[in-house]
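Listed below, chain by chain, are the residues.
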Amino acid sequence: MQRLIHFAIGSTWLLAAGAFSEPLPGSPGEFSLDQSIPASACVDRSYDEPLRPQFHFTACRNWLNDPNGMVFDGAKYHLFFQHNPLATTWGNMTWGHATSSDMVHWTQHDHALRPYRVDRRPGTIYSGAAVVDRDNSLGMQRGEQKTLCAFFTFAGRPRFYQAMAYSTDGGDSWTYWNDGRPIVDNQGFDAEERDPKVFWHEPSRQWVMVLWLRVNPGQVRFFVSKDLVNWKVASDLYRDWAFECMDLVFLPVDGDQKRRLAVLYDASFDYEIGTFDGREFRTQFGPFIAGGGNFYAAQTFNDSPDGRVVQIGWMRGGPDSAAQYRLPFNQQMSFPCELTLRTVDGEPRLYAWPIEEIRTLAADSLVRTDHMLCRGSNLLKNEEPLDLVDLAIEFEPAKTSTLQIQIAGTSLEYDAQSGRLLHNAAGEQGHPVETIAFDDLRPRDGLIRLRLLVDRLSVEVYAFDGQQFYAGYSPPRRDDRPQSISAAGADVRIKHFRLSRLKSAW
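Now for a quick tour of the structure. Treat the numbers as computed from the prediction; the structure is a model and nothing was measured. Counting starts from 1 at the beginning of each chain's written sequence and moves along it residue by residue. Whole-chain, interface and lining totals are the exception, using all residues; otherwise, since this is a predicted model, local features are given only for residues with pLDDT of at least 70 and side-chain atom pairs are given and counted only at 80 or more. The basis for every side-chain value is the complete set of non-hydrogen atoms in the structure, without hydrogens or water.

**A short note on the sheet that holds strand 29 (residues 402-407)**
Within a beta sheet, neighbouring strands are joined by backbone hydrogen bonds and run either parallel or antiparallel to one another.
Here is step 1 of the chain: One open sheet holds the five strands; their spatial order is 32-31-30-29-36, and the pairing between them is antiparallel. Two strands close off the open sheet at either side, each with one partner strand: strand 32 (432-438) and strand 36 (484-488). Neighbouring strand axes in the sheet, compared pairwise and without regard to direction, differ in orientation by 20° on average.
Here is step 2 of the chain: The rule for pairing is simple: two strands pair if DSSP sees at least two bridges between them. Counting from the N terminus, the helices are the DSSP runs of H or I reaching at least four residues and the strands are the DSSP runs of E reaching at least two. Where strand 29 and strand 36 come together, five bridges link them in antiparallel fashion. Along strand 36, the bridge assignment pairs glutamine 406 with serine 484. Lines are fitted to the C-alpha atoms to define the axes, a helix being fitted only along its stretch in contact, and any angle between axes, read from their N-to-C directions, falls within 0 to 180 degrees.

**Brief notes about the packing of aromatic side chains**
Here is step 1 of the chain: For Phe, Tyr and Trp, rings pair up if their centres lie within 6.5 Å, where Trp contributes its six-membered ring, and each pair is then called stacked (planes under 30 degrees apart), edge-to-face (over 60) or tilted (otherwise). Applying the stated rule across the entire model yields 38 aromatic pairs.
Here is step 2 of the chain: Ring geometry for phenylalanine 57 versus tryptophan 506: centroids 6.2 Å apart, planes at 50°, classification tilted. Here the residue phenylalanine 57 occupies a position in the loop between strand 3 (32-33) and strand 4 (62-72), and tryptophan 506 occupies one in the segment after strand 37 (492-502), the gap between them amounting to 449 residues.
Here is step 3 of the chain: Among the aromatic side chains, those forming a connected cluster through ring pairs are Phe31, Phe80, Trp95, Tyr116, Phe152, Phe154, Tyr161, Trp174 and Tyr176.
Here is step 4 of the chain: Sitting over the ring of tyrosine 351, arginine 342 keeps its end group 4.7 Å from the ring centre.
Here is step 5 of the chain: If you follow arginine 444 out to its NZ or CZ, it ends over the ring of phenylalanine 464, 4.1 Å from the centre. Think of it as a cone above the ring: NZ of Lys or CZ of Arg counts as a charge over the ring if it is within 6 Å of the ring centre and within 35 degrees of the ring normal.

**Describing the environment of leucine 421**
Here is step 1 of the chain: When you line up the elements, leucine 421 lands in strand 31 (residues 420-426).
Here is step 2 of the chain: Three labels apply to residues, based on accessible area from a 1.4 Å probe with only protein chains included: buried if under 20% of the type maximum, exposed if over 50%, partly exposed otherwise in between. Assessed through its relative accessible area of 2%, leucine 421 is described here as buried.
Here is step 3 of the chain: Spatially, the C-alpha atoms of leucine 421 and leucine 441 are 7.2 Å apart, while their sequence positions differ by 20 residues.
Here is step 4 of the chain: Throughout, a contact is declared for two residues whenever any of their heavy atoms are within 4.5 Å. Residue contacts for leucine 421: discarding those within four places in its chain leaves Leu412, Glu413, Tyr414, Thr435, Ile436, Ala437, Phe438, Leu441, Leu450 and Val461.

**Overview of the pairing of strand 4**
Here is step 1 of the chain: Judged by how many residues are buried, strand 4 sits mostly within the fold: 11 of 11 residues are covered.
Here is step 2 of the chain: Where strand 4 and strand 23 (residues 329-330) come together, two bridges link them in parallel fashion. Bridge pairing in strand 23 places tryptophan 63 opposite asparagine 330.
Here is step 3 of the chain: Strand direction decides the pairing type here: strand 4 and strand 5 (residues 77-84), joined by six bridges, are antiparallel. Within strand 5, the position partnered with asparagine 68 by the bridge is phenylalanine 80.

**Looking at the pattern of salt bridges**
Here is step 1 of the chain: A side-chain nitrogen of Lys or Arg and a carboxyl oxygen of Asp or Glu constitute a salt bridge if their distance falls within 4 Å. Applying the stated rule across the entire model yields 29 salt bridges.
Here is step 2 of the chain: The partner of arginine 456 in a salt bridge is aspartate 387, with the nearest N and O atoms 2.8 Å apart. Of this pair, arginine 456 sits in the loop between strand 33 (448-455) and strand 34 (458-463) while aspartate 387 sits in the loop between strand 27 (362-373) and strand 28 (389-396), and the two are 69 residues apart along the sequence.
Here is step 3 of the chain: We note a salt bridge from aspartate 440 to arginine 442, for which the minimum N-O separation is 2.9 Å.
Here is step 4 of the chain: Among the charged side chains, a salt-bridge network with shared partners connects Arg157, Glu192, Arg194, Asp195 and Glu244.

**Details of the nonpolar core**
Here is step 1 of the chain: In terms of nonpolar packing, the biggest core is built from 65 residues, with Trp106 and Val263 touching the most fellow members.
Here is step 2 of the chain: Non-local contacts of tryptophan 106, meaning those with residues more than four positions away in its chain, are made with Phe57, Tyr77, His78, Leu79, Ala98, Thr99, Ser100, Phe301, Ile312 and Trp506.
Here is step 3 of the chain: Counting residues in hydrophobic clusters, the runner-up holds 36 residues, among them Leu379, Phe395, Leu403 and Val461. What is meant by a nonpolar core is a set of buried Ala, Val, Leu, Ile, Met, Phe, Trp, Tyr and Cys residues, joined one to another through side-chain atoms within 4.5 Å.

**Overview of the sheet that holds strand 23**
Here is step 1 of the chain: In space, the five strands of this open sheet follow the order 7-6-5-4-23, with mixed pairing throughout. Strand pairing shows two members of the sheet lacking a second neighbour, strand 7 (106-113) and strand 23, which therefore form its edges.

**Quick notes on the environment of isoleucine 494**
Here is step 1 of the chain: You can see isoleucine 494 is positioned in strand 37.
Here is step 2 of the chain: The sequence separation of isoleucine 494 and glutamate 396 amounts to 98 residues, and the corresponding C-alpha distance is 6.4 Å.
Here is step 3 of the chain: Once residues lying within four places of it in the same chain are set aside, the contact partners of isoleucine 494 are Thr369, Asp370, His371, Leu373, Ile393, Glu394 and Phe395.

**Details of the side chain of aspartate 102**
Here is step 1 of the chain: In this structure, aspartate 102 sits in the loop between strand 6 (94-100) and strand 7.
Here is step 2 of the chain: In this tally, Asp and Glu contribute negative charge and Lys and Arg positive charge; neither His nor the terminal groups of the chain are included. Here aspartate 102 sits buried without a salt bridge, and the closest side chain of opposite charge, arginine 308, lies 9.8 Å off (N-O distance).
Here is step 3 of the chain: Residues adjacent in sequence count toward polar contacts only when both atoms are side-chain atoms; beyond that, a polar contact is any pair of N or O atoms within 3.5 Å, and within protein one must be able to donate a hydrogen and the other to accept it. Here the side chain of aspartate 102 touches histidine 105 through a polar contact of 2.8 Å, side chain to side chain.
Here is step 4 of the chain: When near neighbours in sequence (up to four residues on either side) are disregarded, aspartate 102 contacts Tyr77, Ile355, Glu357 and Thr360.

**Here's the deal with unusual backbone geometry**
Here is step 1 of the chain: Cis geometry marks the peptide bond from asparagine 216 to proline 217, where omega comes out at 0°.
Here is step 2 of the chain: One can find proline 217 in the loop between strand 14 (206-214) and strand 15 (219-225).
Here is step 3 of the chain: Backbone torsion omega between glycine 286 and proline 287 reads 10°, so that peptide bond is classified as cis.
Here is step 4 of the chain: Phi at glutamate 244 takes a positive value of approximately 55°, unusual for a residue other than glycine.
Here is step 5 of the chain: Looking at where glutamate 244 falls in the secondary structure, it is placed in the loop between strand 16 (232-238) and strand 17 (247-253).
Here is step 6 of the chain: Look at glutamate 244 and you get buried, because its relative accessible area is 12%.
Here is step 7 of the chain: For aspartate 465, which is not a glycine, the phi torsion comes out positive at approximately 65°.
Here is step 8 of the chain: For aspartate 465, the location among the structural elements is in the loop between strand 34 and strand 35 (468-473).

In structure tokens, the structure reads:
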């Protein structure tokens, strides 16, 4: 059966039957989808494999990396993602697509954006952003359904460029604007300029695009537009730390809506805090570094309700899940976190904290307060085996004490003398590798405060309400290592402890 594919050139509509893997002779501008990439995502799995993460998003099968196009459309959240539909290794970059009503329970759909060829140039679909065309800037809205616009990097040779596709049916189908040709052409600085982040800037009443251009020096370019198609250069920012997957968000300081600052960050989560007037970013604080471990290429949802700024990152690296554990997928997303700005020593700093919706997964909780954990004792003694865990712990370490946590496959150790939190992580070949989660974690008011999210094959750790956070892969659980929370070297006073068993989000 032929599949009908719509193309748009400006406001002119064309309807083509089928698609060609090669352009027609004599038709150099012919558009064709890559026919090796199926439209269907083959979402036929039950997600109940013993080692599949149960509350972190994974593709039903094959490779996943950067989160893309994160947007709330008024009814549901959209998570697009870099995806290889054909293998469990990187390649054939396509936008996978999933939706959720709460950012916890996800349903994967057919592929949204697939590689294509135009003007005799083949290319794949790299990272980008999506917006709700709230005021019909593009002019494509039909009825009450708002148009979704997805901005992405067309990764073709000799130079990448930025293109756009749109959907008038809530993301079920997509039209490539002007047959996938540039809306922002290569700027001439680097062959691989990429990762447009687009958002509506209400104070200046215009659309803004943030685009990474190059390293040495690191360069970020800001564009503005009234119609989502014609983009003008607004300003350039030069920062040595800036490298790919830029994002720009606006947050109140200590909850004060009258004092909102802009936070600009890159894939490695280097960030600066300042102001943005619709054209230019001006730094007031930073640069700083947030996150750590396997956390990378994070993006925030556009148009989140209630003014929340929620972020998801790619947990890159770690073991190849398919090769090491015989799973049908490889790589995962981090759990969604809400970002806030809080004053620390007179200056604002970025905090990240798991979204409150995780409570919908809580089955039961174990609570302890003001408990002396003596050397050799086990706080989890006689507890049923743990699998999925949300653990908050506040403890007072002695100067020579070590707190050891062993839950499922996750093994963490806090050494009071060095101030280090160590993670017995899973390396690329799946073998345990001692990794420093936090290098200088010192008590505040005599206490260390941690929160752990333990899923199958991963752990995320947040210190002091999320001022520091870490994401890492853990080896599979071994039955010969009993679960425990114990002290060594000296006793440790547990001021507060809450362990919640979590249900699967699938």
